[in-house]
Amino acid sequence: MQKRAKWLDRAIVQSPIYYTLLLDDASFRREMRRLKVPEAEIPPFVNPGADATTHFLIQGNTSRECAVVCIRVGQHSVEQVHAMLVHEAVHIWQHIRRRIGEHSPSDEFEAYSL
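So, a few notes on the structure that sits alongside this text. Note that this is a predicted model, so its numbers are computed, not measured.

**Considerations on the overall build of the protein chain**
Tallying secondary structure elements over the protein chain gives three helices and three strands in all. In sequence order, the secondary structure elements of the protein chain are arranged as β-α-β-β-α-α. Expressed as a percentage of the 114 residues in the protein chain, the buried residues total 35%. Of the contacts formed within the protein chain by residues at least 6 apart in sequence, a portion of 49% connects residues at least 24 apart. With the model as given, the accessible surface of the protein chain reaches about 7,200 Å², and the carbon-plus-sulfur share is 53%.

Here it is as structure tokens:
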């Protein structure tokens with residue numbers, strides 16, 4: 001079980017979004033409380049029927065947008081976990097692209113961004 005979420009912002013292209021990876025429900029709930037998400041508004045760790053989910057929300061005291069990537073790792077191979085990480089990274093990139101108004105990124109811009 002993770003003790004505390006590690007938040008990252010290490011993109012070559014400046015990202016308007018912080019992100020973190022959480023691997024269990026307890027860590028997710030703890031981070032939601034730390035971010036001051038009301039109990040009634042805390043979503044499920046992963047969406048029903050999914051093994052991975054990215055939640056987008058606003059970080060309480062900074063008003064900075066963040067992405068919380070949640071993956072159930074215990075029942076998957078390392079290769080499957082890697083595939084889920086890439087899949088969720090694409091969702092974050094799609095969200096950033098919409099947020100910055102980029103509708104047709106070049107292949108290099110997109111590759112560096114991911």
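**Focus: the nonpolar core**
Counting 13 residues, the largest nonpolar core has F28, M32, L57 and V68 as the members making the most contacts within it. For this core, the elements supplying multiple residues, two or more each, are α1 (25–34) and β3 (64–71). At three residues, β3 tops the list of elements feeding residues into this core. If sequence neighbours within four positions are ignored, L57 has contacts with M32, L35, V37, R64, E65, C66 and V68. Ranked by size, the runner-up nonpolar core spans ten residues in total, among them I17, A52, I71 and I96.

**Details of the sheet that holds strand β1 (residues 17–22)**
If you trace the three strands from one edge of the open sheet to the other, you get β1-β3-β2, paired in mixed fashion. The sheet is open, and its two borders are formed by β1 and β2 (52–59), each paired with just one other strand. Recorded for the sheet is a direction-independent mean angle of 20° between the axes of neighbouring strands. With eight bridges joining them, β2 and β3 adopt antiparallel strand pairing. Looking across to β3, one finds that Q59 is bridged to R64. Helix-sheet contacts for helix α2 (residues 78–99) involve β1, β2 and β3, and the interaxial angle to β2 is about 35°.

**Considerations on the environment of P16**
Position of P16 among the secondary structure elements: in the segment before β1. A relative accessible area of 18% means that P16 is categorised as buried. Taking C-alpha positions, P16 is 7.0 Å from E65, a pair spaced 49 residues apart along the chain. Residues in contact with P16, not counting those within four places in the same chain, are R64, E65, I96, R99 and I100.

**Considerations on the pattern of salt bridges**
This structure, assessed with the given rule, holds four salt bridges. Note that R99 is salt-bridged to E65, the shortest N-O span being 2.8 Å. One end of the pair, R99, is in helix α2; the other, E65, is in strand β3, with 34 residues separating them in the sequence. When its relative accessible area of 11% is taken as the criterion, E65 is described as buried.

**Regarding α2**
Here α2 contains 22 residues, and its C-alpha end-to-end distance of 32 Å stays within 8% of the 32 Å for a straight helix at 1.5 Å per residue. Buried residues of α2: V81, M84, E88, I92, W93, H95 and I96, and no others. Structurally, α2 contributes buried residues whose contacts are with β1, β2, β3 and α3 (107–113). The first or second residue beyond α2 is G101, which carries a positive phi of 75°.

What counts and what doesn't
Residues numbered from 1 in each chain as written. Predicted model: local features only at pLDDT ≥ 70, side-chain atom pairs only at ≥ 80, totals over all residues. Heavy atoms only, no water. Helix = DSSP H or I, 4+ residues; strand = E, 2+ residues; numbered from the N terminus. Buried < 20%, exposed > 50% of the residue type's maximum accessible area, 1.4 Å probe, protein only. Contact = heavy atoms within 4.5 Å. Areas by Shrake-Rupley, 256 points an atom, 1.4 Å probe, with all protein chains shown as cover. Core = buried A, V, L, I, M, F, W, Y, C linked by side-chain atoms within 4.5 Å. Pairing = 2+ DSSP bridges. Axes fitted to C-alpha atoms, helices over the stretch in contact; angles between N-to-C directions. Salt bridge = Lys/Arg side-chain N within 4 Å of Asp/Glu carboxyl O. Expected span 1.5 Å × (residues − 1).

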